[in-house]
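What follows is the residue order along each chain.
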Amino acid sequence: MRVTGTGHAGIRIDTSAGSILCDPWVNPAFFASWFPFPDNSQLDWEGLGRTDYLYVSHLHRDHFDAAHLRRFVSKSATVLLPDYPSTQLEDELRELGFTTFLRTRSNEPIGLGDGLTVMIQTLTSPNDGPIGDSSLWVEHDGIRLLNQNDARPTNLGEFTKLGPVDAHLLQFSGAIWYPMTYDLPEATLNELGRQKRSRQFDRTIRYVDDLKARWVFPIAGPPCFLDDELWALNDLDGDEANIFMDQQAFIDQYEGRGYDNGMILLPGSVAEFTGDACALTHPVSDVRRFFAHKVEHLRAYRERQRPVIEAEKALWRHPEIDVLEELRHRIEPLLSQSTFLASRVGGAVLLELKGEDGDITQSLVIDFDARQVRPYADEAVGYQFRTGRALIEHLLHTGETDWINSLMLSCRCSAKRHGPYNEAVFVFLKCLSPERMQYAESWYTGQAPDADDVRIDGWVVQRRCPHLKADLSRFAVIDGNVLTCQMHGWQFDLATGRCLTSADLEIRAQRADQAVHR
Ligand code: FES
């Protein structure tokens, strides 16, 4: 088996029984904010695109690059389709010209012929990615690979039971908007950034320890930011408060913890697996030196991409759109359709639109109690989002359904909250179509309560995290009375059961010496 790095979460897997191209991403995503780093545009994409199978893990635009898929990937490729309840991924791929789909079932291996077997595990919580995420397991000729990508399975047991894994590819770095887009004092942002960077490293180690693969490849991040307005988001000097740790920084920290099986895949790096060995070659003579000169690489990349960014920005304005009317038209039917999410949000969410000079030109609210969109009336709000009017016009013009990822991942939108974190706000704003809203509503209402308990550090707590059901026997860290679930960093006060991260969740917990046996 040969694995070629194609940048970010992208790889191509070659075997004598066929090739699989995974998540090719080249064009900027999220309002021209995110670019793959290192630059992968010079790869032989004509050759890489001649593939037997295509796997697109999910619809985030740094995994699903429509322009690139349309132009470079062979339409005779068979798409290995994750088992999503929504057809949106398939629909979008069909629109690009793909016609052959192999619909997999989550956690069920499928033989593709000549000894090539794949299994896709699909995560379907509305909170996973843009409403679903997935991982790909591949086996051929005695070599097993798990492309975990940026998915967060609650445990890796479905993979480990298929035998020892040789190559584990997983996310290690931030690929999110938190905390930078929150409007908070700098000292608070720095502290939250430090916590986030450290938690994402610990989570990666947890997965590595669970799978115990022979080799570990950090992939699926970080993006780089080439627009001058966003340049400061790049991690240029190993800042502990920056969530966009790069591959070399990860490997250094990983080796500092005593691991010696970490390998970097640059775009064009090739890992050849034979028996017990993995031979790795790179397109540069010295990977460490490459990262030592990251700033120069980024500056040159920025100059190359300047015209691309300017061309994208020129597309955003649609002054003919009446934003309030269009928002009413798009959102009010969804507010009426939503029972669970709208009541979980409650109150009003403020949307402030900035003109080209940066001044606020219009303030609107989505009123979740009255189920309407209307002008802001100088009232109390739970959340406040501020962004360029042009971005909202563009989202309305294109009919985008996932506003929260488009806006927040672009880092061209800032958020402020008045009160505790409310996940329902974010889920609602990524489900701006009747199909998605229906899915999210039924997913939440179908969640069964968790009856199983586990004993951890002198406490008996429910086994599954109240957030997204991570197995707390593996992901919990308890410090005093506070339990932190390392899956997404949510915290719970065990003495009261109260969630410290979000207002609407509780954990069942008792001190072990007082626990009633169930
Ligand atoms: S599953 Fe998200 S914090 Fe536990």
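Residues numbered from 1 in each chain as written. Predicted model: local features only at pLDDT ≥ 70, side-chain atom pairs only at ≥ 80, totals over all residues. Heavy atoms only, no water.

Q: How should I be thinking about the overall build of the protein chain in this particular structure?
A: The helix and strand tally for the protein chain stands at 15 helices and 27 strands. The globule rule puts the C-alpha radius of gyration for 518 residues at 24 Å, and the 23 Å found for the protein chain is close to it. Expressed as lengths along the three principal axes of its C-alpha atoms, the size of the protein chain is roughly 65 × 65 × 45 Å. Counting across all 518 residues of the protein chain, residues that qualify as buried make up 59%. Put simply, 65% of the contacts in the protein chain that link residues at least 6 apart link residues at least 24 apart. Accessible surface computed for the protein chain: about 20900 Å², of which carbon and sulfur atoms make up 47%. (Helix = DSSP H or I, 4+ residues; strand = E, 2+ residues; numbered from the N terminus. Rg over C-alpha atoms; globule rule 2.2 N^0.38 Å. Buried < 20%, exposed > 50% of the residue type's maximum accessible area, 1.4 Å probe, protein only. Contact = heavy atoms within 4.5 Å. Areas by Shrake-Rupley, 256 points an atom, 1.4 Å probe, with all protein chains shown as cover.)

Q: I tried to follow helix α3 (residues 88-95) on my own but got confused; where do I start?
A: The periodicity of an α-helix, 3.6 residues per turn, causes residues three or four places apart in sequence to face the same way. Residues Gln88, Leu89, Glu90, Glu92 and Leu93 constitute the buried set of α3. The secondary structure elements touched by the buried residues of α3 are β5 (53-55), α2 (66-72), β6 (78-81), β7 (100-103) and α14 (434-445). Of the residues flanking the end of α3, it is Gly97, one or two places downstream, whose phi is positive at about 115°.

Q: Explain the packing of helix α5 (residues 186-211) against helix α6 (residues 247-256) to me, please; I cannot follow it from the model alone.
A: To characterise two packed helices, one gives the angle between the axes of the helices and the distance between these axes. Viewed as axis vectors pointing N to C, α5 and α6 meet at an angle of 65°, and their least axial separation amounts to 12 Å. Taken as a pair, α5 and α6 cross one another with a handedness that is right-handed. Residues Arg197, Phe201, Thr204, Ile205 and Val208 of α5 lie in contact with α6, whose contacting residues are Ala249, Phe250, Gln253 and Tyr254. Residue composition of the contact of α5 with α6, by class: 6 nonpolar, 2 polar and 1 charged. (Axes fitted to C-alpha atoms, helices over the stretch in contact; angles between N-to-C directions. Left-handed = near helix turned anticlockwise from the far one by under 90°. Nonpolar A, V, L, I, M, F, W, Y, C, P; charged D, E, K, R; others polar.)

Q: Which parts of the structure should I look at to understand the side chain of Arg330?
A: In this structure, Arg330 sits in helix α9 (residues 323-337). For Arg330, which is buried and forms no salt bridge, the nearest opposite charge comes from Glu326, at a distance of 6.3 Å. (Lys, Arg positive; Asp, Glu negative; His and termini not counted. Salt bridge = Lys/Arg side-chain N within 4 Å of Asp/Glu carboxyl O.)

Q: Teacher, can you tell me more about the packing of aromatic side chains here?
A: What characterises a pair of aromatic rings is the spacing of the ring centres plus the angle enclosed by the ring planes. Evaluated as defined, the whole model comprises 24 aromatic pairs. Ring geometry for Tyr178 and Tyr182: centres 6.0 Å apart, planes at 80°, overall edge-to-face. With relative accessibility at 7%, the residue Tyr182 sits in the buried group. Ring centres of Phe201 and Phe250 lie 5.5 Å apart, and the angle between their planes is 55°; on these two criteria the pair is classed as tilted. In this pair, Phe201 sits in helix α5 while Phe250 sits in helix α6, placing the two residues 49 residues apart along the sequence. (Phe/Tyr/Trp six-rings, centres within 6.5 Å; stacked < 30°, edge-to-face > 60°.)

Q: Even after reading the chapter, I still don't get the sheet that holds strand β8 (residues 110-113), so can you show me in this structure?
A: Strands pair in a sheet through their backbones, by hydrogen bonds, and they do so in one of two ways: parallel or antiparallel. Ordered by their spatial adjacency, 6 strands build an open sheet running β8-β9-β10-β11-β12-β13, and the pairing between neighbours is mixed. The strands lining the two open edges of the sheet, one partner per strand, are β8 and β13 (215-219). On average, each strand axis in the sheet is inclined to that of its neighbour by 20°, with strand direction left out of account. The pairing of strand β11 (residues 143-149) with strand β12 (residues 167-171) spans 4 bridges and is parallel. Each residue of the ladder has a partner; that of Leu145, found in β12, is Ala167. Sitting on the sheet, α5 touches β11, β12 and β13, and the angle it makes with β12 is about 160°. (Pairing = 2+ DSSP bridges.)

Q: Just checking my understanding: could you explain the sheet that holds strand β23 (residues 459-462) for this structure?
A: Overall, antiparallel pairing links the 3 strands, which are arranged β22-β23-β27 in an open sheet. Each having just a single partner strand, β22 (453-456) and β27 (509-511) make up the two edges of the open sheet. Strand-to-strand twist across the sheet, computed as the mean angle between neighbouring axes with direction ignored, equals 20°. Examined bridge by bridge, β23 and β27 share 3 bridges and lie antiparallel to one another. When the bridges of β27 are listed, Val460 appears paired with Gln510.

Q: Looking at this model, I keep getting lost on the pairing of β22. Mind explaining?
A: Two faces, one strand: in a regular strand the side chains alternate between the faces of the sheet. Side chains Val454 and Ile456 of β22 all project onto a buried face; the interleaved residues Asp453 and Arg455 project onto a face where none is buried. Counting the residues in the hairpin turn of β22 and β23 gives 2 residues, including Asp457, whose phi is positive at 45°.

Q: What am I meant to see in the pattern of salt bridges here?
A: Side chains carrying opposite charge are able to pair once their charged atoms draw close together. Evaluated as defined, the whole model comprises 35 salt bridges. Linking Glu90 and Arg94 is a salt bridge whose minimum nitrogen-to-oxygen distance equals 3.0 Å. In this pair, Glu90 and Arg94 both sit in helix α3, 4 residues apart, roughly one turn of the helix.

Q: Sorry, what's going on with the environment of Glu423 here?
A: Along the chain, the position of Glu423 falls in helix α13 (residues 423-428). Those residues within four positions of Glu423 in sequence are excluded, and the remaining contacts are Asn127, Tyr444, His467, Trp490 and Ser502.

Q: Please clarify how the nonpolar core should be interpreted in this entry.
A: Within soluble globular proteins, side chains that are nonpolar generally end up buried alongside one another. The biggest cluster of nonpolar side chains holds 115 residues, and the ones touching the most others in it are Leu327, Leu341, Phe385, Ile392, Phe426, Phe428 and Leu483. In terms of residue count, the dominant contributor to this core is α9 (6 residues). Judged by nonpolar contacts, the second largest core, of 30 residues, contains Ile13, Ala17, Leu136 and Cys278. (Core = buried A, V, L, I, M, F, W, Y, C linked by side-chain atoms within 4.5 Å.)

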